[in-house]
Amino acid sequence: MVTRTRGVVLALAGLSLAACGNIHPGAAAVVDGKTISMQTLDKTADAYCAITANAARQQGVTTVSNSDVRRQAVVGLVSLVVARDLAESEGITIPKASYQLTAEQRDQIKTVFPDADTDEIAKAIEDNQEVSAISIALAEKNTNQQATAENQEQFAELGQQEILKAFGANDVSFAPRFGLDAKAQERAETGSLSVTAVDLDAPVDEELPRSLRCA
(Lines give C-alpha, C1' and ligand atoms only; values in the text may rest on other atoms or scores of the structure.)
Protein backbone atom coordinates (compact mmCIF):
# COMPACT_ATOMS: atom_id res chain seq x y z
CA MET A 1 0.00 0.00 0.00
CA VAL A 2 2.58 2.52 1.07
CA THR A 3 4.58 2.19 -2.11
CA ARG A 4 1.73 3.64 -4.11
CA THR A 5 1.35 6.72 -1.95
CA ARG A 6 3.54 8.59 -4.42
CA GLY A 7 0.34 9.03 -6.40
CA VAL A 8 -1.12 11.21 -3.67
CA VAL A 9 1.01 14.12 -4.80
CA LEU A 10 1.03 13.43 -8.53
CA ALA A 11 -2.40 11.98 -9.31
CA LEU A 12 -4.11 15.28 -10.05
CA ALA A 13 -1.09 17.22 -11.23
CA GLY A 14 -2.53 17.36 -14.75
CA LEU A 15 -5.59 19.30 -13.71
CA SER A 16 -5.65 22.95 -14.66
CA LEU A 17 -6.91 25.30 -12.00
CA ALA A 18 -9.39 28.14 -12.13
CA ALA A 19 -8.65 31.80 -11.89
CA CYS A 20 -7.63 33.48 -8.66
CA GLY A 21 -10.40 35.65 -7.36
CA ASN A 22 -10.92 37.57 -4.14
CA ILE A 23 -9.82 35.59 -1.08
CA HIS A 24 -9.98 36.72 2.51
CA PRO A 25 -6.98 36.45 4.84
CA GLY A 26 -6.47 33.01 6.31
CA ALA A 27 -7.96 31.21 3.31
CA ALA A 28 -5.86 28.96 1.10
CA ALA A 29 -8.67 28.59 -1.44
CA VAL A 30 -12.38 29.09 -1.90
CA VAL A 31 -14.62 26.66 -3.81
CA ASP A 32 -18.13 27.87 -4.59
CA GLY A 33 -18.14 29.92 -1.41
CA LYS A 34 -16.64 27.15 0.73
CA THR A 35 -13.37 28.20 2.37
CA ILE A 36 -10.38 25.91 2.71
CA SER A 37 -8.43 27.46 5.55
CA MET A 38 -4.69 27.90 5.64
CA GLN A 39 -4.72 25.87 8.85
CA THR A 40 -6.27 22.94 6.99
CA LEU A 41 -3.74 23.33 4.22
CA ASP A 42 -0.86 23.35 6.71
CA LYS A 43 -1.94 19.99 8.15
CA THR A 44 -2.48 18.45 4.72
CA ALA A 45 0.79 19.83 3.40
CA ASP A 46 2.68 18.29 6.32
CA ALA A 47 1.21 14.92 5.37
CA TYR A 48 2.08 15.45 1.70
CA CYS A 49 5.63 16.37 2.72
CA ALA A 50 6.07 13.18 4.70
CA ILE A 51 4.71 11.04 1.87
CA THR A 52 6.68 12.79 -0.85
CA ALA A 53 9.95 12.89 1.05
CA ASN A 54 9.66 9.17 1.77
CA ALA A 55 8.99 8.38 -1.90
CA ALA A 56 11.84 10.66 -2.95
CA ARG A 57 14.32 8.94 -0.64
CA GLN A 58 13.42 5.60 -2.20
CA GLN A 59 14.51 7.06 -5.54
CA GLY A 60 17.70 8.58 -4.21
CA VAL A 61 16.41 12.16 -4.04
CA THR A 62 17.34 13.83 -0.79
CA THR A 63 15.52 17.17 -1.03
CA VAL A 64 11.95 18.01 -2.07
CA SER A 65 10.67 21.56 -2.25
CA ASN A 66 8.12 22.25 0.48
CA SER A 67 6.56 25.01 -1.60
CA ASP A 68 5.91 22.61 -4.49
CA VAL A 69 4.30 20.13 -2.14
CA ARG A 70 2.13 22.81 -0.50
CA ARG A 71 0.86 23.76 -3.92
CA GLN A 72 -0.01 20.13 -4.67
CA ALA A 73 -1.75 19.91 -1.29
CA VAL A 74 -4.03 22.85 -2.03
CA VAL A 75 -4.83 21.36 -5.44
CA GLY A 76 -5.74 18.11 -3.73
CA LEU A 77 -8.01 19.80 -1.19
CA VAL A 78 -9.83 21.80 -3.86
CA SER A 79 -10.15 18.77 -6.12
CA LEU A 80 -11.79 16.79 -3.34
CA VAL A 81 -14.46 19.46 -2.78
CA VAL A 82 -15.16 19.79 -6.51
CA ALA A 83 -15.23 16.01 -7.02
CA ARG A 84 -17.67 15.47 -4.17
CA ASP A 85 -19.98 18.21 -5.43
CA LEU A 86 -19.84 16.78 -8.95
CA ALA A 87 -20.58 13.27 -7.72
CA GLU A 88 -23.61 14.53 -5.78
CA SER A 89 -24.97 16.41 -8.79
CA GLU A 90 -24.50 13.32 -10.98
CA GLY A 91 -26.16 11.03 -8.47
CA ILE A 92 -22.98 9.06 -7.90
CA THR A 93 -22.40 7.37 -4.55
CA ILE A 94 -18.94 6.04 -3.75
CA PRO A 95 -18.76 3.26 -1.13
CA LYS A 96 -16.40 4.20 1.67
CA ALA A 97 -14.81 0.77 1.44
CA SER A 98 -13.48 1.69 -2.00
CA TYR A 99 -11.17 4.38 -0.66
CA GLN A 100 -10.85 3.96 3.11
CA LEU A 101 -7.73 2.35 4.52
CA THR A 102 -7.86 -0.85 6.52
CA ALA A 103 -6.53 -1.16 10.04
CA GLU A 104 -3.58 -3.12 8.68
CA GLN A 105 -2.77 -0.35 6.19
CA ARG A 106 -2.93 2.25 8.94
CA ASP A 107 -0.51 0.16 10.96
CA GLN A 108 1.83 0.12 7.97
CA ILE A 109 1.70 3.90 7.82
CA LYS A 110 2.66 4.11 11.49
CA THR A 111 5.64 1.89 10.79
CA VAL A 112 6.83 3.87 7.78
CA PHE A 113 6.16 7.30 9.32
CA PRO A 114 6.85 6.88 13.05
CA ASP A 115 7.51 10.59 13.64
CA ALA A 116 4.69 12.04 11.53
CA ASP A 117 0.99 12.68 12.12
CA THR A 118 -0.19 9.36 10.76
CA ASP A 119 -3.86 10.31 11.03
CA GLU A 120 -3.27 13.21 8.62
CA ILE A 121 -1.24 10.98 6.30
CA ALA A 122 -4.03 8.41 6.25
CA LYS A 123 -6.57 11.16 5.56
CA ALA A 124 -4.49 12.51 2.67
CA ILE A 125 -4.26 9.04 1.12
CA GLU A 126 -7.97 8.37 1.58
CA ASP A 127 -8.91 11.75 0.13
CA ASN A 128 -6.80 11.08 -2.94
CA GLN A 129 -8.28 7.62 -3.35
CA GLU A 130 -11.78 9.05 -3.02
CA VAL A 131 -11.12 11.53 -5.83
CA SER A 132 -9.76 8.70 -7.97
CA ALA A 133 -12.85 6.58 -7.23
CA ILE A 134 -15.13 9.47 -8.18
CA SER A 135 -13.15 10.03 -11.37
CA ILE A 136 -13.59 6.42 -12.42
CA ALA A 137 -17.30 6.44 -11.55
CA LEU A 138 -17.81 9.60 -13.63
CA ALA A 139 -16.12 7.96 -16.60
CA GLU A 140 -18.20 4.82 -16.19
CA LYS A 141 -21.39 6.87 -16.22
CA ASN A 142 -20.35 8.96 -19.23
CA THR A 143 -19.19 5.98 -21.30
CA ASN A 144 -21.84 3.55 -20.03
CA GLN A 145 -19.03 1.04 -19.57
CA GLN A 146 -17.53 -0.70 -16.58
CA ALA A 147 -13.95 0.05 -15.63
CA THR A 148 -11.60 -2.92 -15.68
CA ALA A 149 -8.05 -3.50 -14.49
CA GLU A 150 -6.91 -2.84 -18.05
CA ASN A 151 -8.72 0.48 -18.61
CA GLN A 152 -8.91 1.81 -15.05
CA GLU A 153 -6.14 4.35 -15.58
CA GLN A 154 -7.80 5.62 -18.76
CA PHE A 155 -11.14 5.91 -16.97
CA ALA A 156 -9.49 7.83 -14.14
CA GLU A 157 -8.07 10.31 -16.64
CA LEU A 158 -11.45 10.73 -18.32
CA GLY A 159 -13.09 11.37 -14.98
CA GLN A 160 -10.41 13.85 -13.99
CA GLN A 161 -11.22 15.81 -17.12
CA GLU A 162 -14.80 16.06 -15.90
CA ILE A 163 -13.54 17.35 -12.57
CA LEU A 164 -11.42 19.85 -14.46
CA LYS A 165 -14.46 21.15 -16.30
CA ALA A 166 -16.26 21.53 -12.98
CA PHE A 167 -13.56 23.81 -11.56
CA GLY A 168 -14.99 26.75 -13.50
CA ALA A 169 -18.56 25.99 -12.48
CA ASN A 170 -17.49 25.88 -8.83
CA ASP A 171 -15.88 29.33 -8.94
CA VAL A 172 -12.50 28.20 -7.58
CA SER A 173 -10.12 30.84 -6.24
CA PHE A 174 -6.64 30.40 -4.77
CA ALA A 175 -4.73 32.62 -2.40
CA PRO A 176 -2.34 34.92 -4.32
CA ARG A 177 0.67 33.36 -2.58
CA PHE A 178 0.33 30.32 -4.84
CA GLY A 179 1.25 32.47 -7.83
CA LEU A 180 -1.38 31.21 -10.28
CA ASP A 181 -2.76 33.28 -13.11
CA ALA A 182 -6.20 32.82 -14.66
CA LYS A 183 -4.96 29.79 -16.60
CA ALA A 184 -3.13 28.33 -13.60
CA GLN A 185 0.22 29.04 -15.16
CA GLU A 186 3.24 30.30 -13.28
CA ARG A 187 3.37 34.05 -13.14
CA ALA A 188 6.34 35.96 -14.50
CA GLU A 189 9.70 35.49 -12.77
CA THR A 190 8.60 36.86 -9.42
CA GLY A 191 9.43 33.91 -7.26
CA SER A 192 5.80 32.82 -7.17
CA LEU A 193 4.91 29.17 -7.11
CA SER A 194 4.06 27.36 -10.31
CA VAL A 195 1.60 24.59 -11.02
CA THR A 196 3.81 21.68 -11.90
CA ALA A 197 4.06 18.17 -10.52
CA VAL A 198 6.83 17.29 -8.12
CA ASP A 199 9.18 15.33 -10.37
CA LEU A 200 10.88 12.90 -8.04
CA ASP A 201 13.26 11.80 -10.80
CA ALA A 202 14.56 15.29 -11.51
CA PRO A 203 17.55 16.86 -9.79
CA VAL A 204 16.57 18.86 -6.74
CA ASP A 205 18.34 21.97 -5.49
CA GLU A 206 20.32 20.78 -2.47
CA GLU A 207 20.91 24.39 -1.47
CA LEU A 208 17.28 25.04 -0.59
CA PRO A 209 17.01 26.48 2.92
CA ARG A 210 15.88 23.82 5.39
CA SER A 211 12.65 25.73 6.00
CA LEU A 212 11.76 25.30 2.32
CA ARG A 213 12.38 21.57 2.20
CA CYS A 214 10.21 18.58 3.00
CA ALA A 215 11.99 16.61 5.71
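Now for a look at the structure at hand. Just so it is clear, the model here is predicted, and its values are computed rather than measured.

### Quick notes on the sheet that holds strand S1 (residues 27-31)
The strands making up a sheet associate through hydrogen bonds between their backbones, and the pairing can be parallel or antiparallel.
Then, in step 1: Pairing is antiparallel in the open sheet, where three strands are placed in the order S2-S1-S4. Strands with a single pairing partner mark the edges of an open sheet, and in this sheet they are strand S2 (34-37) and strand S4 (172-174). Taken over all neighbouring pairs, the strand axes of this sheet differ in orientation by 15° on average, direction set aside.
Then, in step 2: In this sheet, S4 lies alongside S1 in antiparallel orientation, the contact comprising three bridges. The residue bridging Ala 29 from the neighbouring strand is Phe 174, located in S4.
Then, in step 3: The strands that helix H2 (residues 38-58) touches are S1 and S2; relative to S2, the one it contacts most, it runs at about 50°.

### With respect to empty space enclosed by the protein
Then, in step 1: Scanning the model with the defined rule gives three cavities of 30 Å³ or more in all.
Then, in step 2: Empty space within the second largest cavity amounts to approximately 60 Å³.
Then, in step 3: Contributing to the lining of the second largest cavity are Thr 44, Tyr 48, Ala 73, Gly 76, Leu 77, Glu 120, Lys 123, Ala 124 and Asp 127.
Then, in step 4: Secondary structure elements with two or more residues in the lining of the second largest cavity: H2, helix H3 (66-89) and helix H5 (118-143).
Then, in step 5: Considered class by class, the residues forming the lining of the second largest cavity number four nonpolar, two polar and three charged.

### As for helix H6 (residues 152-169)
Then, in step 1: Over its 18 residues, H6 runs 26 Å from end to end, which matches the ideal 26 Å to within 8%, given 1.5 Å per residue.
Then, in step 2: For H6, every residue scored as buried is listed here: Phe 155, Ala 156, Gly 159, Gln 160, Ile 163, Ala 166 and Phe 167. For H6, the angular spread of buried residues about the axis comes to 140°, placing them on one side. Exposed positions of H6 whose direction lies more than 90 degrees from the buried face are Lys 165 and Gly 168.
Then, in step 3: The inward-facing, buried residues of H6 contact H3, H5 and S4.
Then, in step 4: Following H6 by one or two positions, Asp 171 adopts a phi angle in the positive range, close to 50°.

Cut-offs and rules
Residues numbered from 1 in each chain as written. Predicted model: local features only at pLDDT ≥ 70, side-chain atom pairs only at ≥ 80, totals over all residues. Heavy atoms only, no water. Pairing = 2+ DSSP bridges. Helix = DSSP H or I, 4+ residues; strand = E, 2+ residues; numbered from the N terminus. Axes fitted to C-alpha atoms, helices over the stretch in contact; angles between N-to-C directions. Contact = heavy atoms within 4.5 Å. 1 Å grid on protein atoms, 1.4 Å probe; cavity = no way out; pocket = protein on both sides within 12 Å on 5 of 7 lines; lining within 4 Å. Points joined across faces, edges and corners; volume = space filled by probe spheres on them. Nonpolar A, V, L, I, M, F, W, Y, C, P; charged D, E, K, R; others polar. Expected span 1.5 Å × (residues − 1). Buried < 20%, exposed > 50% of the residue type's maximum accessible area, 1.4 Å probe, protein only. Arc of directions from axis to C-beta.

In short, geometric facts, not functional conclusions.
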